[in-house]
Amino acid sequence: MEEIINIVRDGQDKTAIWIGSDDFGIPKHLMQGEKQHGVISDGKTLKEWYWDGLCAIDGERYVYFEPCKLRSIYELSTSCRSDALKIVRNTAFALKRMKKDFLDLITGVLPLFRIWIYGDTDVLILPPDLGDVFAIMRTEERKEAEVNRIIQSTAEKPFLLITEMAELLYYAATGRFPFASDTVRGSGYKEVPVSIYAKLPEKTEGLINFIFHAKSREMRDIMGNRDGGENLDWFLRCSEGLEWPLADMTEEERDKNIERAESSEEYSAFFRTREKINKRNAFWRVKGTIIIVSVIVVLSVGGFLFNYIKHLLEPPLTKDLEPEEIIEAFYEAQSNCEPESLSTALKGCSAPQEMEVTNLFVSTRTRMAYENFDPLINANEWVEEGMPAVPESSTIYGVVLNDITETGENTYLADSTWYTPYPYDESEAVQATLTSIPVYVYDIEQSFTFTWNDRGWWNITDTEITDSEFLRTEIVSTYALERQI
């Protein structure tokens with residue numbers, strides 16, 4: 001079905017945009033009052049644009065208006081590809097000058113169904129009231145693609161319009177939106193390199209990459225105290241004078257280019273890494289339900305265990321520590337499987353390993369209560385001792401901190417080696433034997449952002465796993481240990 005059609009309404013020629021299936025009526029409150037106007041931007045001036053009305057044709061709902069040459073924003077990757085930089089800059093020019101009530105950025109981005117290519121390179125931004133009609137009548141799948149899948153959750157909200165402009169450029173070059181894939185979204189929002197699909201000048205590609213991966217401090221420096229629209233002034237300055245040497249394509253040519261790129265070894269290697277990280281992150285997420293069940297088991301052991309657990313969970317006094325010392329204490333808590341100590345310095349965020357640590361804490365302490373045997377072996381201490389044999393049924397877990405690098409103002413990157421009793425990818429699994437257990441070893445990079453609070457100490461206000469690599473499996477010998485039950 002064509003999304004843009006020409007119709008005759010009351011004897012006059014009109015252009016119409018498909019909104020959605022006319023399965024139900026439009027709420028009356030959206031049709032009351034004075035219509036809001038959209039804007040047409042040529043990058044230098046703005047012109048008001050008005051729509052005439054809504055109509056139903058063959059069970060489909062359309063909005064119609066004065067005849068014009070109109071194209072979908074998705075043609076950035078085909079018939080408008082050579083002019084994509086100009087079109088995106090014209091979009092930024094319009095949004096920069098719009099008031100907050102016009103943008104209505106509940107999600108921080110402007111839904112793609114409000115952006116249309118007008119004429120050759122001008123841009124039409126639909127008004128908020130018409131945008132509301134689109135939002136109601138779009139299918140959930142379309143709304144997911146045109147709103148949710150262009151939100152980069154690692155970016156701060158006032159920075160998201162800048163991110164959206166970079167995403168449109170990325171889409172024009174590749175035919176794909178950078179964060180649409182579940183694997184990309186689930187593995188830290190690291191997109192497929194644009195170079196796999198197309199060759200862009202270094203400065204152009206560099207701006208896109210910077211926007212996607214700017215640190216919180218860099219975002220705040222750009223944003224200041226301004227809102228999302230005002231921040232686009234920075235994008236317009238930085239994108240001025242960039243080269244964009246990409247040619248127009250037909251849809252068939254674009255799809256063939258996508259197929260070529262995504263059948264390459266470079267693409268496959270990229271996704272092998274991202275899928276591992278995504279599986280590991282998913283592993284941490286699903287542990288939540290297991291933890292709930294495990295906690296019930298622990299509580300059923302009896303009240304005598306409560307005081308013992310409470311004693312184990314006493315947090316370290318991080319208020320007197322500097323950021324690097326807090327990171328060291330953070331990993332020490334992880335190695336000891338102390339959930340409360342792990343989160344003692346966190347403020348407004350959660351650690352990605354928190355669920356994993358909590359689950360291990362519950363399972364090992366439950367065994368301790370039932371079996372009078374502590375199965376947890378701190379991996380950091382175990383490595384320092386030369387990786388000796390351990391009692392059978394032991395759980396070796398923990399972190400060896402290799403290096404902490406200050407990457408910016410109050411931001412740090414920790415490089416560490418993690419030892420876990422289970423693989424984060426089932427393909428890495430090794431079967432335990434009667435006399436040995438496997439320990440899975442990963443190289444992990446984790447970022448930390450600190451904020452000095454008004455009460456006089458540092459808090460971790462953001463932390464995420466930025467990279468993960470499976471290194472090897474250690475096969476650890478075990479021995480029988482006599483213990484009284």
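Residues numbered from 1 in each chain as written. Predicted model: local features only at pLDDT ≥ 70, side-chain atom pairs only at ≥ 80, totals over all residues. Heavy atoms only, no water.

## What to know about the overall build of the protein
For clarity, the threshold we go by: A run of DSSP states H or I qualifies as a helix once it reaches four residues; a run of E qualifies as a strand once it reaches two. Both are numbered from the N-terminal end. Any residue under 20% of the maximum accessible area for its type is buried, any over 50% is exposed, and the rest in between are partly exposed; the area is computed with a 1.4 Å probe on protein chains only. The contact definition used throughout considers only heavy atoms, calling two residues in contact when any of these lie within 4.5 Å.
If you tally the helices and strands in the protein, you get 16 helices and 15 strands. Here the protein holds 485 residues, and the buried ones make up 51% of them. Sequence-distant contacts in the protein: of pairs separated by 6 or more residues, those separated by 24 or more amount to 69%.

## Side note on a negative patch on the surface
Just so we agree on the cut-off: Nonpolar side chains (Val, Leu, Ile, Met, Phe, Trp, Tyr) within 5 Å and like charges within 9 Å form the patches, drawn only from residues with over 30% relative accessible area and no salt bridge. Accessible areas in this description were obtained via Shrake-Rupley with a 1.4 Å probe; residue shielding takes into account the shown protein chains only. Only one rule defines a salt bridge in this text: a Lys or Arg side-chain nitrogen within 4 Å of an Asp or Glu carboxyl oxygen. Charged-residue counts in this description rest on Lys and Arg as positive and Asp and Glu as negative, His and the chain ends being excluded. Where a charge lies is defined by one atom per residue type: Lys uses NZ, Arg uses CZ, Asp uses CG and Glu uses CD.
A cluster of like negative charges, contributed by Glu322, Glu324, Glu325, Glu328, Asp403 and Glu406, occupies part of the molecular surface. Listing elements by their share of the negative patch, those giving two or more residues are helix 13 (323-335) and strand 12 (395-408). Relative to the assigned elements, aspartate 403 resides in strand 12.

## A word on empty space enclosed by the protein
Threshold: With a 1 Å grid laid over protein atoms only, a set of points is called a cavity when a 1.4 Å probe fits there but cannot get out and a pocket when it is open yet has protein on both sides within 12 Å along at least five of seven lines; lining residues have an atom within 4 Å of a point. Grid points are joined across faces, edges and corners, and a volume is the space filled by probe spheres set on the points. Each residue receives one of three labels: charged for Asp, Glu, Lys and Arg, nonpolar for Ala, Val, Leu, Ile, Met, Phe, Trp, Tyr, Cys and Pro, and polar for the others, Gly being one of them.
Under the defined criterion, the tally for this structure stands at 3 cavities of 30 Å³ or more. Approximately 40 Å³ is the volume attributed to the second largest cavity. If you trace the second largest cavity, you find 10 residues lining it, with Thr318, Ile326, Phe330, Ser341 and Thr344 closest to the centre. Counting residues per element, the ones that place at least two in the lining of the second largest cavity are helix 13 and helix 14 (339-342). The dominant element in the lining of the second largest cavity, judged by the number of residues it contributes, is helix 13, at 3 residues. By residue class, the composition of the lining of the second largest cavity is 7 nonpolar, 3 polar and no charged.

## Regarding the packing of aromatic side chains
Heads up, the rule is: Stacked, tilted and edge-to-face are the three classes applied to pairs of Phe, Tyr and Trp rings, where Trp contributes its six-membered ring and a pair requires centres within 6.5 Å; stacked means planes under 30 degrees apart, edge-to-face means over 60, and tilted covers the rest. Should the NZ of a Lys or the CZ of an Arg lie within 6 Å of a ring centre and within 35 degrees of the ring normal, that charge is described as sitting over the ring.
Taken as a whole and assessed by the stated rule, the structure comprises 21 aromatic pairs. Chaining the aromatic ring pairs together yields one cluster made of Tyr170, Phe179, Tyr189 and Phe212. Just above the ring of tryptophan 51 sits the side chain of lysine 35; from NZ or CZ to the centre is 4.6 Å.

## Thoughts on the side chain of lysine 14
We count it as follows: Here a polar contact means two N or O atoms within 3.5 Å. Within protein one must be a hydrogen donor candidate and the other an acceptor candidate, and residues neighboring in sequence count only if both atoms are side-chain atoms.
Residue position: lysine 14 is located in strand 2 (residues 12-21). There is a polar contact of 2.7 Å between the side chain of lysine 14 and the side chain of glutamate 66. Excluding its chain neighbours within four sequence positions, the residues that come into contact with lysine 14 are Ile5, Asn6, Ile7, Arg9, Asp52, Tyr64, Phe65, Glu66 and Pro67.

## Considering helix 8 (residues 216-223)
Short version of the rule: Regarding the arc, it is the one traced by the directions from the helix axis to the C-beta atoms.
Restricting attention to buried positions, one finds in helix 8 the residues Ser216, Met219, Ile222 and Met223. Down the axis of helix 8, the smallest arc covering the buried residues is 125°, so these residues share one side. Contact partners of the buried residues in helix 8: helix 5 (160-174), helix 7 (202-213), helix 9 (232-239) and strand 15 (458-479). In the stretch just after helix 8, glycine 224 is the one whose phi turns positive, near 60°.

## Details of the sheet that holds strand 5 (residues 53-57)
Quick reminder of the rule: Strand pairing is assigned whenever DSSP identifies at least 2 bridges connecting the two strands. Angles shown run from 0 to 180 degrees and are taken between the N-to-C directions of axes, each axis being a line fitted to C-alpha atoms and, for helices, limited to the stretch in contact.
Strand order across the open sheet formed by 4 strands is 1-2-6-5, with antiparallel pairing between neighbours. The open sheet terminates on both sides in strands that have one partner only, identified here as strand 1 (4-9) and strand 5. The average undirected angle you get between the axes of adjacent strands in this sheet is 45°. Relative to strand 2, strand 1 runs antiparallel, the two sharing 6 bridges. Bridge pairing in strand 2 places isoleucine 5 opposite alanine 16. Of the strands in this sheet, strand 2, strand 5 and strand 6 (60-65) are in contact with helix 3 (residues 128-137), which crosses strand 2 at around 45°.

## Concerning the layout of surface pockets
Each pocket or cavity is described by its volume, and for the largest pocket that value is around 1,100 Å³. Thr154, Gly188, Glu464, Ile465 and Thr466 are, among the 39 residues lining the largest pocket, the residues nearest its centre. Elements that contribute at least two residues to the lining of the largest pocket include exactly helix 7, helix 8, helix 11 (265-301), helix 15 (354-371), strand 13 (411-420), strand 14 (436-452) and strand 15. The leading source of residues in the lining of the largest pocket is strand 15, at 6 residues. Counted by class, the lining of the largest pocket contains 13 nonpolar, 16 polar and 10 charged residues. Empty space within the second largest pocket amounts to approximately 410 Å³. Along the wall of the second largest pocket there are 18 residues; nearest its centre are Tyr171, Gly175, Arg176, Phe177 and Ala180.

## Some remarks on unusual backbone geometry
Located in the positive-phi region is serine 393, a residue other than glycine, with phi close to 70°. In this fold, serine 393 is placed in the loop between strand 11 (390-391) and strand 12. On the basis of relative accessible area, serine 393 is assigned to the partly exposed category, the value being 38%. A positive phi angle is found at asparagine 410, which is not glycine, with a value near 65°. Examined against the element boundaries, asparagine 410 turns out to sit in the loop between strand 12 and strand 13. Residue asparagine 410 is classed as partly exposed on the basis of its relative accessible area, which comes to 26%.

## Digging into the confidence of the model for the protein
Interpreting fine coordinate detail is not advised for predicted regions of low pLDDT. To be explicit about the condition: Values of pLDDT, ranging from 0 to 100, describe the predictor's confidence in every residue of the model.
Per-residue pLDDT for the protein has a mean of 86; in total, 88% of the residues score no lower than 70. Residue range residues 286-293 is modelled with pLDDT below 50. Its contacts to residues more than four positions away, or to other chains, number 7 contacts. Counting interchain partners and residues more than four positions distant, the pLDDT-below-50 stretch residues 295-316 has 25 contacts.

## Observations concerning helix 3
Helix 3 sits mainly inside the fold: 7 of its 10 residues count as buried. Turning to helix 3, its buried residues are Pro128, Asp129, Leu130, Gly131, Val133, Phe134 and Met137. Lining the buried residues of helix 3 we find strand 2, strand 4 (46-49), strand 5, strand 6, helix 2 (100-103) and strand 8 (115-118).

## Section: the packing of helix 5 against helix 9
The criterion, for reference: We call a crossing left-handed when the near helix sits turned anticlockwise from the far one by less than a right angle, and right-handed when that turn is clockwise.
With their axes 8 Å apart at the nearest point, helix 5 and helix 9 run at an angle of 40° to one another. Between helix 5 and helix 9 the crossing geometry is right-handed. Residue-level contacts link Leu161, Ile162, Met165 and Leu169 of helix 5 to Leu232, Trp234 and Phe235 of helix 9.

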